[in-house]
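A closer look at the structure
Letter by letter, the chains look like this.
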Amino acid sequence: MKFVDEFRDPAKAQALVEDIRRVLSRIPSSRRRPLQVMEVCGGHTHTIFRYGIQRMLPDEDLEYVHGPGCPVCVLPMGRVDDCVALAERPEVIFSTFGDAMRVPGSRKSLLQAKADGADVRMVYSPLDALALARRHPDREVIFFGLGFETTMPSTAMTLIQARRQGLRNFSLFCNHITIIPTLRALLDAPDLRLDALVGPGHVSMIIGTSPYDFIARDYGRPVAIAGFEPLDLLHATWMVLKQLAEGRCEIENQYGRVVPPDGNPRALAAIDEVFEPREHFEWRGLGSIAQSGVRIRPAYAAYDAERKFAVPNVAIADPSACQCGEVLKGLIRPHQCRVFGTACTPETPLGALMVSSEGACAAQYGYGRQAAHA
Amino acid sequence: MCLGIPGQIVAILDAESAIATVEVGGVRRPVNVSFVMDDGPIETCIGAWVLVHVGFAMARIDAEEAARTLAVLAELEEFQAEMQSMVQTP
């Protein structure tokens, strides 16, 4: 197939790398450090490590900062403990995505809880959890919903269907988070030094491009929303660097073949029907961020696990040796963390960034250990 | 986590709940298509290529984009895991 070959064409990647070098040479060199471009999305982080993109680029001039866009990575320990407490109730079938199973809590992960006898089921879709509730009318089925706007419409529609079907034994433990307040908090951090951002592709397919306008307008940082192929990332990187070279500051859309300017209005309507902002939400490594989470609206209270069951909701401090927060803010690179690859490995993760293949530390451990600055 | 896998809508299973059969990488699976419907009857979705995420079609894409994305995904372990969970869970 022609387009697949085009994607495979290393000459195209090389041409983009040359374009990036050229545009870098046009950006004033008064700075004493590499330009920092944050890829917000964990999928992009994975692509960067998987294809060694950082190694293709001049390291002294350009550095990727791996952003907070891996939902399992930013889940605080206390929330995992809440999941385990819910899962250990005898009447409960606790269901969630595979990614969430291995995230360490202060006592155990969901996978360990399952090994200890709790009824924890890995599902592919929240609709599978709904089907579990229909099949087990004598049990309480809880779905642990997490993720950004990409995943939020699916859990919203699942609750809409649960209500339509009049199910009484299904509820959602809602831990969804939203990208815009999170980016605002990162941009407000006094120790952050970002020069530009590569915007998330699939979150943007839902929310569209205009929610990012404030980044250009209020913070003077260029943004390019990118797809997930290596060429997409190189292209988007070139787009933000070109903006910097030309003194422009805009929201550009490199992933127009999937991301419409207005996002997906039907999906946004489902989110709005079911969810409302929380005042605060606790992030692993980043602390509490105002308005960055959502909860279930009162109209759907019957399907809210937090209202239906006693959730311990105890805050647990991150392990003190763990430097996930500094990695997330771009202050250190993953391999510079004091426990990277020693006390903290993908087999026995200490910090959340080591848990998912989209976490910066796990990605670097898996693909980039030999290269000090992969 | 935010992986989107291209698939083609091949049949409508349950019009009321907007569930269609989508063929994803050779596997057929029920997928909710309510987010990619237009104002017409649900049958007009048949044949469309969509990006599937956790059992929901999230965006319409063209056949070329679908083929490109599948080629890239085929190399990822995460894709294999996602396909596996798609087949294993009901």
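Please read all numbers here as calculations on a predicted model, not as lab measurements.

Cut-offs used in this document
- Residues numbered from 1 in each chain as written.
- Chains lettered and ligands numbered in written order.
- Predicted model: local features only at pLDDT ≥ 70, side-chain atom pairs only at ≥ 80, totals over all residues.
- Helix = DSSP H or I, 4+ residues; strand = E, 2+ residues; numbered from the N terminus.
- Rg over C-alpha atoms; globule rule 2.2 N^0.38 Å.
- Buried ≥ 20, exposed ≤ 12 C-beta atoms within 10 Å, placed from the backbone.
- Contact = placed C-beta atoms within 7 Å.
- Nonpolar A, V, L, I, M, F, W, Y, C, P; charged D, E, K, R; others polar.
- Pairing = 2+ DSSP bridges.
- Axes fitted to C-alpha atoms, helices over the stretch in contact; angles between N-to-C directions.
- Arc of directions from axis to C-beta.
- Parallel < 35°, antiparallel > 145°, perpendicular 65-115°, else oblique.
- Left-handed = near helix turned anticlockwise from the far one by under 90°.
- Domains from an automatic or database assignment.
- Core = buried A, V, L, I, M, F, W, Y, C linked by C-beta atoms within 7 Å.
- pLDDT = per-residue confidence, 0-100.

Per the secondary structure count, chain B includes 2 helices and 5 strands. When the helices and strands of chain B are read in sequence order from the N terminus, they spell out β-β-β-β-β-α-α. Relative to the globule expectation of 12 Å for 90 residues, the C-alpha radius of gyration of chain B, 12 Å, shows essentially globular dimensions. If you line up chain B on its principal axes, its C-alpha atoms span 35 × 30 × 20 Å. Expressed as a percentage of the 90 residues in chain B, the buried residues total 42%. Considering only contacts within chain B whose residues lie at least 6 apart along the sequence, 48% involve residues at least 24 apart.

Taken residue by residue, the interface counts 29 residues in chain B and 40 residues in chain A. At 6 residues, the largest contribution of residues to the side of chain B that touches chain A is made by helix α1 (residues 63–73) of chain B. Here the residues of the side of chain B that touches chain A sort into 16 nonpolar, 8 polar and 5 charged.

Before going further, it helps to spend a moment on the environment of B:I19. Residue and element names in this part refer to chain B. Mapped onto the elements, I19 comes out in strand β2 (residues 19–24). Among the residues examined, I19 registers 19 C-beta atoms within 10 Å and is labelled partly exposed. Taking C-alpha positions, I19 is 9.5 Å from I42, a pair spaced 23 residues apart along the chain.

A few words now on the sheet that holds strand β5 (residues 140–147) of chain A. Residue and element names in this part refer to chain A. Taken in spatial order, the 4 strands of this open sheet run β4-β3-β5-β6, and their pairing is parallel. Two strands in the sheet have a free side with no partner beyond their single neighbour: β4 (120–122) and β6 (170–176). Ignoring which end each strand starts from, the neighbouring axes of this sheet average 25° apart. Pairing of β5 with β6 involves 7 bridges; the strand directions are parallel. Along β6, the bridge assignment pairs V141 with F170. The strands touched by helix α5 (residues 77–87) are β3 (92–96), β4, β5 and β6; relative to β3, the strand with the most contacts, the crossing angle is about 140°.

Residue and element names in this part refer to chain B. The phi dihedral of A18 is positive, around 60°, even though this residue is not glycine. Locating A18 in the fold gives a position in the loop between β1 (5–14) and β2. Residue classification places A18 among the buried positions, given that 21 C-beta atoms sit within 10 Å. With a phi angle near 40°, V54 is a residue other than glycine that sits in the positive phi range. Its location among the elements puts V54 in the loop between β4 (49–53) and β5 (56–61).

Moving on, we come to α1(B). Of all the residues in α1(B), the buried ones are B:R68, B:T69, B:V72 and B:L73. Looking straight down α1(B), one finds its buried side chains confined to an arc of 130°; they lie on one side.

Further remarks concern the environment of A:G366. All names here are of chain A. Assignment of secondary structure puts G366 in helix α16 (residues 360–367). Separated by 12 residues in sequence, G366 and M354 place their C-alpha atoms 9.9 Å apart. If we skip the residues at most four places from it in the chain, G366 touches P346 and S357.

Residue and element names in this part refer to chain A. Two elements in contact, helix α7 (residues 126–135) and helix α8 (residues 152–164), have axes separated by 9 Å at closest approach and are oriented at 25°. Between α7 and α8, the interaxial angle falls into the category roughly parallel. Crossing angle aside, the handedness with which α7 passes α8 is right-handed. Taking contact as the criterion, the partners of P126, L127 and L130 in α7 are, on α8, S154, T155, T158, Q161 and A162. Its residues assigned to classes, the contact of α7 with α8 comprises 4 nonpolar, 4 polar and no charged.

A separate point is the domain arrangement of chain A. All names here are of chain A. Per the domain assignment, the segments making up chain A are domain 1 (1–74 + 179–263 + 318–374) and domain 2 (77–177 + 293–308). A C-alpha centroid distance of 31 Å is found between domain 1 and domain 2. Counting from both sides, the interface comprises 14 residues of domain 1 and, opposite them, 13 residues of domain 2. Taken together, the elements giving at least two residues each to the side of domain 1 that touches domain 2 come down to α9 (179–188) and α10 (201–207). Of the residues forming the side of domain 1 that touches domain 2, the biggest block, 4 residues, is contributed by α10. Its residues placed into classes, the side of domain 1 that touches domain 2 shows 9 nonpolar, 4 polar and 1 charged.

Residues and elements named next belong to chain A. Most of α5 is tucked away: 10 of the 11 residues are buried. The complete set of buried residues in α5 reads M77, R79, V80, D81, D82, C83, V84, A85, L86 and A87. Structurally, α5 contributes buried residues whose contacts are with β3, α6 (110–115), β4, β5, β6 and α14 (305–308).

With that settled, consider the environment of A:P34. Residue and element names in this part refer to chain A. Tracing the sequence through the fold places P34 in the loop between α2 (10–25) and β1 (35–41). Taking the C-alpha atoms as reference points, P34 and S320, 286 residues apart in sequence, are found 29 Å from one another. Sequence-distant contacts of P34, that is, excluding residues within four places in its chain, are made with D59, E60, D61, L62 and E63.

Counting 146 residues, the largest nonpolar core has A:A87, A:F94, A:V198, A:V240, B:V50 and B:A57 as its most contacted members. Among the elements that make up this core, the one with the highest residue count is helix α12 (residues 230–246) of chain A (9 residues). If you count residues domain by domain, this core takes at least three from each of domain 1 (1–74 + 179–263 + 318–374) and domain 2 (77–177 + 293–308) of chain A. Among all residues touching A:V198, those that are not within four sequence positions of it are A:V37, A:M38, A:E39, A:V40, A:H44, A:A224, A:A226, A:L233, A:A236, A:T237 and A:V240.

In this section: the confidence of the model for chain B. All names here are of chain B. With 90% of its residues at a pLDDT of at least 70, chain B reaches an overall mean of 86. The lowest-confidence element of chain B is helix α2 (residues 77–88), averaging 70 in pLDDT; the highest-confidence one is β5, averaging 96. Taken together, the chains of this predicted complex give a pTM of 0.91 and an interface ipTM of 0.89.

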